[in-house]
Amino acid sequence: MLKRKVGWVLAGLLLLGLVTNRALINFYVNFIWFKTLNYLPVFTKIFFTRIEIALLFSLLFFFLLYLNLLLAARLSPSSEQDFSERFQIPPELYQLGKLLKVLTEPRFLLLCSLFIAFLVGISQMKRWEIVLAYFNRVNVGIADPIFQKDIGFYLFSLPFFSFIQNWLSGSIFFITLLTLALYGLKGAIRIDFNRLRVEQYVKNHILALIAVFILLKAWQYRLNIYGLLFSSQGVVFGAGYADIHARLIGLKALIVLSILCAVSIFTFLWQRTIKPALYGIGALIGVSLILQSIYPTILQKMVVEPNEILKESPYIEHNIKYTTLAYGLTKIKERKFPLKESLTIEEVKRNKAIIKNIRLWDPRPLKATYRQLQGLRLYYDFPNVDIDRYEINGEYRQVFLSARELNQSKIPQKARTWINERMKYTHGYGVVLSPVGEVTREGFPSLLIKDIPPVSESNLKVKRPEIYYGELTDNYCIVKTKTKEFDYPKGDKNIYTFYEGKGGTPISSTFRKLLLSLKYLDFKLLLTRNITPESRIMLYRNIRERCQKIAPFLHYDQDPYLVISSEGKLFWILDAYTVSNMYPYATPYQKSFNYIRNSVKIIIDAYHGDVSFYLLDNEDPLINVYQKIFPTLFKPFAQMPLDLKKHIRYPETLFKIQAQIYRTYHMRNPEVFYNKEDYWDIPREIYTSSEQQMEPYYMILKIEEKEEFFLLLPFTPTGKNNMIAWLAAACDGENYGNLLLYKFPKDKLVYGPMQIEARIDQNPTISEQLTLWGQRGSSVIRGNLLVIPIEQSILYAEPLYLKAEQGELPEFKRIILGQGNRVVMGESLDATLSSLLTGTFKIDPHLPPPSRGEIEDVSSPPHLRGRIEEGGESVSALVRQALNYYQAGVESLKKGDWAKYGETQKLLQQTLQAIEKRTH
């Protein structure tokens, strides 16, 4: 029996040693990693704060616990009666009686208190952020509408006070239980002749602890008063009429009653009866039930509900105001959109950049196409297709861009050796880039950057294509070893390289190799002979994990995107957010946070792994607190390199959250808000072949004087499909972050996305073609429907893709354009737009195309400006001439020559009119 106990003790010590050593190993590895990245002050600040919290709460809990246990041990008289006799333990369990006696000895109580206090202190280390935020708190400059407290009190002070109150209350409760247990072991609480017998000193001690607990309860009631501003009991989030006129009064009464109850317990502490204390506790429970539950319910039913809009209007106003503040909706500028019935050729001429950047591709089918056309090897993958804008050959172009990363999980199983995974296959290579509005004759994207090594057909050049840090780099690797790294394939051969950068942590000693081996439980790292004194290990290469490791207090976007710098280097841009659920009166988003800001833009070097945090929003109180805590972490936004600054974009995640909230909170009148009279919905669309909610989309628009990059999303009235407004977020330059809402006239019908989808389905030509494709064993993919504002008109665009049922290579097949109640489908954007604007007939594809000379002749002044004579030409000649004009118009569109296009369309119209007269 004794050997078994010794074995358990040794096993426990071994486990504790392993845990401790593991913690020390992690500490050392993280220490050198943070030091390599020049973020050591961030690491040490968090680490030592956690240690200080653990020590402080361990000492405080030890003091409270040991004091009470020691007091209980001394108050209980030593009994000569053996433990075995007292607890009637049978002789065969004699050892248990000895163990129970040991448990009450002062030495054991000391060790037990130290051990429990250590665990309690460790458990509170995770509260470091609350503690640091409180001691570095700032004022927001906005007061709550009820108690006139600065919002900073709720963001930083109230969470800290609640944490301390909860910890103290929990500690006193736990200590009371342990004290009762000790009194039971000591025999001060026992059963004599079937009656519970409790010594008077036990009653006094326990009542004193209960009195302290009740005083802490009074503090909790005080904090709960501020918590009313986060109530969900009324018609809106935040304190309502019943909260202010019933629960608030009840909480104030409970504070007074709790203090009186605690005082009464201390007053009657040494008397023989505990009835006054029991009466006080009973009264506290009864009053709490009446004032916090029964009375507010009666008030709500009898007073509020019959006059709800009148009673709740002030609180609805508070909710509207503080919700719009919390989500940054106050900066939305509302404007009227003076809708015109149709788009004209002149407007198209003025907005050539918008037309040229209409998306003919969607990220999802394009991702599959990239993989098939540019994957090149099984182990290359494109995790995401991102959208951005660049100056390409002097033009402002919207493009799709995707990183060609190395996916180690796709390396053939036979080749997945330790050397290959850790030292050889270390990085991805290059990018693929294509304009959003260009398609090849085969229906594939027109690639401006492609292949390995990267081949560019524009001014954009990729000079450092290696991607060591990305979205798929989930494992560590070792560079600058004796093993050559696979760089890229070239025909039947492979090109190898050695890393030339500064990324990674030096493996400068056997001791470091040993600790790294223990951390990853990978002893091949210790035993390999391929490591040299110059070797470096790259840890935390996944860019989101990397940033999370440096700044765990920020929340990170799910969609980092790659950027090509002016020097041809690759950088990742990642958006980071500050969030809180402690903004008074602000409605939570999906029962989670109720405050959010995109205050930080992060740049990660895809080759070197350097991480830079740039401060974007100086008005965010949360980021200002973090800046006080970590003064070396953030850089001013002005220090971001200009070529990278041009590529920041308004994050889609934040925009979606704001759009969801604004559906309701564009209503500022409390009565309208209460009745949900003007509630909006985010439209739905047909994607592939199923209905889904429309996603925000980036596009180039001309809202002011020049074309800019925007994020866009339309709105529809609830329960209806017509469009009522659209929201846009500016992404460029000084206008970055501006939110614009354009409302359509209420007396005009503006077709929403689902209404356009219905018109597409109802169009016999389009539906017949879709059915025909489906019958040929192909899968039709309907792309995202885009709503495109052009001056005072709205253009709708939906691309169609075709994919073989057994294939993985979608190809662009048609573009559908719509305006008003008319939709047309064509093979190219220019021709389809021409058909939509002018209503020209569709040329029979079986007619022989005009020769190059005929097209050139059509563009010459004599032919273009001659008047069509009614009787001078045959019908067949007029048809050929009409065909020439049409083809000339198409050529003009391709060249962007809108003046010549307009002239050819006028002559085409005259020719068609002449044909009509000849045939009737």
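This text goes with the structure placed above it.
Quantities reported herein were computed from a predicted structural model and do not represent experimental measurements.

Visitor: Honestly, the overall build of the protein in this entry has me stumped. Any pointers?
Guide: Scanning the protein from N- to C-terminus turns up 29 helices and 35 strands. Classification of the 920 residues of the protein by burial places 52% in the buried group. Total accessible area on the protein is roughly 43900 Å²; 56% of this is exposed by carbon and sulfur atoms.

Visitor: I would appreciate a short explanation of the sheet that holds strand β17 (residues 536–538) in the present structure.
Guide: Note on sheets: strands pair through backbone hydrogen bonds, and any given pair is parallel or antiparallel. Within the open sheet, the 3 strands sit side by side as β13-β17-β16. Their pairing is antiparallel. The open sheet is flanked by β13 (477–479) and β16 (505–506), the only strands paired with a single partner. Where β16 and β17 come together, 2 bridges link them in antiparallel fashion. Within the sheet, the bridge partner assigned to Pro-506 lies in β17 and is Arg-536.

Visitor: Help me out: how do you make sense of the side chain of Asn-30 in this one?
Guide: As for its position among the elements, Asn-30 is in helix α1 (residues 2–36). A distance of 3.0 Å separates the side chain of Asn-30 from the side chain of Tyr-540, its partner in a polar contact. Ignoring anything within four residues of it in the chain, the contact list for Asn-30 reads Phe-43, Tyr-540 and Lys-549.

Visitor: Can you walk me through a nonpolar patch on the surface in this structure?
Guide: On the surface, Leu-289, Ile-290, Ile-294, Tyr-295, Ile-298 and Met-302 cluster together into a nonpolar patch covering about 590 Å² of accessible area. With respect to the element layout, Leu-289 can be found in helix α10 (residues 275–304).

Visitor: What is the right way to look at the packing of helix α9 (residues 241–267) against α10 in this model?
Guide: Packed helices, taken two at a time, are described by the angle their axes make and the gap between the axes. Direction vectors running N to C along α9 and α10 enclose 175 degrees, while the axes themselves pass 9 Å from each other. When the interaxial angle is binned, α9 and α10 end up roughly antiparallel. Classifying every residue of the contact of α9 with α10 gives 20 nonpolar, 7 polar and 1 charged.

Visitor: Even after reading the chapter, I still don't get the packing of aromatic side chains, so can you show me in this structure?
Guide: The geometry of an aromatic ring pair is captured by the separation of the ring centres together with the interplanar angle, meaning the angle of the planes. All told, the structure shown has 57 aromatic pairs when counted by the stated rule. Geometrically, the ring pair formed by Tyr-476 and Tyr-520 is tilted, given 4.8 Å between the ring centres and 40 degrees between the ring planes. You can see Tyr-476 sitting in the loop between β12 (466–467) and β13 and its partner Tyr-520 sitting in helix α16 (residues 510–520), a full 44 residues away along the chain. Among the residues examined, Tyr-476 registers a relative accessible area of 6% and is labelled buried. The class for Tyr-520 is partly exposed, based on a relative accessible area of 28%. The interplanar angle of 65 degrees and the centroid separation of 6.3 Å between the aromatic rings of Tyr-662 and Trp-680 together place this pair among those described as edge-to-face. Of this pair, Tyr-662 sits in helix α21 (residues 652–665) while Trp-680 sits in strand β24 (residues 680–681), and the two are 18 residues apart along the sequence. When its relative accessible area of 0% is taken as the criterion, Tyr-662 is described as buried. Given a relative accessible area of 1%, Trp-680 falls into the buried group.

Visitor: Help me understand the nonpolar core, please; the structure alone is not making it clear to me.
Guide: General note: in soluble globular proteins, nonpolar side chains tend to be found buried as a group. If you look at the biggest cluster of nonpolar residues, it comprises 255 residues, and the most contacted ones within it are Leu-433, Leu-554, Ile-602, Phe-613, Leu-633, Phe-634 and Ile-788. Once residues lying within four places of it in the same chain are set aside, the contact partners of Phe-634 are Phe-553, Leu-554, Val-600, Phe-613, Leu-615, Ile-623, Tyr-626 and Gln-627. With 10 residues, the next largest nonpolar core counts Ala-831, Val-890, Leu-907 and Ala-914 among its residues.

Visitor: What am I meant to see in α16 here?
Guide: Since the α-helix advances by 3.6 residues per turn, residues separated by three or four positions end up pointing in the same direction. Within α16, the full set of buried residues consists of Arg-512, Lys-513, Leu-515, Leu-516, Ser-517 and Lys-519. Two residues or fewer after α16 comes Leu-521, characterised by a positive phi angle close to 50 degrees.

Visitor: Looking at this model, I keep getting lost on helix α14 (residues 363–374). Mind explaining?
Guide: Where α14 is concerned, the buried positions are Pro-365, Leu-366, Ala-368, Thr-369, Tyr-370 and Gln-374. Looking at the buried side of α14, the elements it contacts are β6 (395–403), β9 (431–435), β10 (449–450), β25 (684–687) and β33 (793–804). Two residues or fewer after α14 comes Leu-376, characterised by a positive phi angle close to 65 degrees.

Reading the values: rules and limits
Residues numbered from 1 in each chain as written. Predicted model: local features only at pLDDT ≥ 70, side-chain atom pairs only at ≥ 80, totals over all residues. Heavy atoms only, no water. Helix = DSSP H or I, 4+ residues; strand = E, 2+ residues; numbered from the N terminus. Buried < 20%, exposed > 50% of the residue type's maximum accessible area, 1.4 Å probe, protein only. Areas by Shrake-Rupley, 256 points an atom, 1.4 Å probe, with all protein chains shown as cover. Pairing = 2+ DSSP bridges. Polar contact = N/O pair within 3.5 Å; in protein donor to acceptor, adjacent residues only side chain to side chain. Contact = heavy atoms within 4.5 Å. Patch = residues over 30% accessible without salt bridge, like charges linked within 9 Å, V, L, I, M, F, W, Y side chains within 5 Å. Salt bridge = Lys/Arg side-chain N within 4 Å of Asp/Glu carboxyl O. Axes fitted to C-alpha atoms, helices over the stretch in contact; angles between N-to-C directions. Parallel < 35°, antiparallel > 145°, perpendicular 65-115°, else oblique. Nonpolar A, V, L, I, M, F, W, Y, C, P; charged D, E, K, R; others polar. Phe/Tyr/Trp six-rings, centres within 6.5 Å; stacked < 30°, edge-to-face > 60°. Core = buried A, V, L, I, M, F, W, Y, C linked by side-chain atoms within 4.5 Å.

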